[in-house]
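The residues making up each chain are set out below.
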Amino acid sequence: MSFAFLRLKKAIPVPVKSFLKSLGFGRVLPLLKDKYYEELEFQIDWAEEFVDNVPQVLAYWRQYRYLDEISKICKFNDHTKVLDVGCGISTVLHFVPGERHGIDPLAERYKKVYRYPEGIKVQEGFGENIPFEDDYFDVIFCSNAIDHMTDPIHSIEEIRRVLAPGGKFVFTVEVFSHKVERNLAHPHTLVKEDVYKLLEGRF
C-alpha cells in the first residue's frame, strides 16, 4: 500500500467517506488492503508524534510497562542481546542498552517515515519466522504485537527458539474478558486462558 494512497484517504472529508461507504465502498476497501494497512496508517501518524514526545513515551514505559523493574531483572548492559518482535516505531529498544534488534513486517516502510537511532537495527520480519539463529537473544520483548500476528502459537514457539537458555521474555498483550470481533490489524482476541496456553510449558 503506497503512502500516497494513505494520504489521499486521510484527505477525504468524513461526509464523503460516509457517502462512499453507503455506496458499498466499505466492502471494496478490504480488497485493496491487507491486515497491515491499519497498522501502517497508525504508525505514519505516530512517527511524527513520537519524535516530539520521546521523554513522555519513556515515562509511559516506566510507569505503565514497569521498565525500571524489568531492567533490574534483565540486568541490561552494552553486551545484552535484545530483540523486539513486532517493534513498530516507538520500540522499547530506544530505552535499553545492548545489541538491539527489532523485527516488524512493515519495517522497510517505517524507515521511510522514521529514522531509528544509531545502534538500533530494525529489519523486516515476522513473528512466525524470526530471522535469527537458535538461542541468540538474552532478552526478547513482544509488546502488544502477538494479537496482530497470523499464528500466535507458532510466533511464541519462534520466540522460544531464539531466546537463549536463562534468557528473559517480556510479554505484553491486551487480555479480554470474552471474545470480541476486532479489526484487520488485530485478528485475534485473547482471553486469560489463551495467554496461559501460549506460555505454558515454554517459559
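A quick note: this is a predicted structure, and the numbers were derived from the prediction, not measured.

What counts, and at which threshold
Residues numbered from 1 in each chain as written. Predicted model: local features only at pLDDT ≥ 70, side-chain atom pairs only at ≥ 80, totals over all residues. Heavy atoms only, no water. Helix = DSSP H or I, 4+ residues; strand = E, 2+ residues; numbered from the N terminus. Contact = heavy atoms within 4.5 Å. Pairing = 2+ DSSP bridges. Axes fitted to C-alpha atoms, helices over the stretch in contact; angles between N-to-C directions. Core = buried A, V, L, I, M, F, W, Y, C linked by side-chain atoms within 4.5 Å. Buried < 20%, exposed > 50% of the residue type's maximum accessible area, 1.4 Å probe, protein only.

Q: Help me out: how do you make sense of the environment of Phe176 in this one?
A: Counting through the fold element by element, Phe176 comes out in strand E6 (residues 175–176). Sequence-wise, Phe176 and Asp194 are 18 residues apart; in three dimensions their C-alpha atoms are separated by 10.0 Å. Not counting residues up to four positions away in its chain, the partners in contact with Phe176 are Arg182, Thr189, Leu190, Val191 and Lys192.

Q: It is not clear to me how the sheet that holds strand E2 (residues 99–104) should be interpreted in this structure. Could you clarify?
A: Through backbone hydrogen bonds, the strands of a sheet pair up, either in parallel or in antiparallel fashion. Ordered by their spatial adjacency, five strands build an open sheet running E3-E2-E1-E4-E5, and the pairing between neighbours is parallel. Looking at strand neighbours, the two that pair on one side only are strand E3 (120–124) and strand E5 (163–172), the edges of this open sheet. For this sheet, the mean inter-axis angle between neighbouring strands, taken without regard to orientation, is 20°. Where E2 and E3 come together, five bridges link them in parallel fashion. Each residue of the ladder has a partner; that of Ile103, found in E3, is Gln123.

Q: How do you make sense of the environment of Tyr37 when you look at a structure like this?
A: For Tyr37, the position within the fold is in helix H4 (residues 37–52). Residues Tyr37 and Ala185, spaced 148 residues apart in sequence, show a C-alpha to C-alpha distance of 7.4 Å.

Q: So what exactly am I meant to see when it comes to the nonpolar core here?
A: Nonpolar side chains in soluble globular proteins tend to be buried together. Core analysis: the largest hydrophobic core is formed by 27 residues, its most contacted members being Phe76, Val82, Ile89, Tyr116, Val139 and Phe141. Setting aside residues no more than four positions away along its own chain, Phe141 makes contact with Ile70, Phe76, Val82, Leu83, Asp84, Val85, Val92 and Val170. Listed in part, the 22 residues of the second largest apolar core include Val85, Cys142, Leu163 and Phe169.

Q: How do you make sense of unusual backbone geometry when you look at a structure like this?
A: In most cases, non-glycine residues show a negative phi, while peptide bonds are predominantly trans. Even without glycine at this site, Asp135 takes up a positive phi of about 60°. Its location among the elements puts Asp135 in the loop between E3 and strand E4 (137–143). A positive phi angle, close to 50°, is found at Asn144, a residue other than glycine.

Remember that the coordinates give geometry; whether it matters functionally is a separate question.
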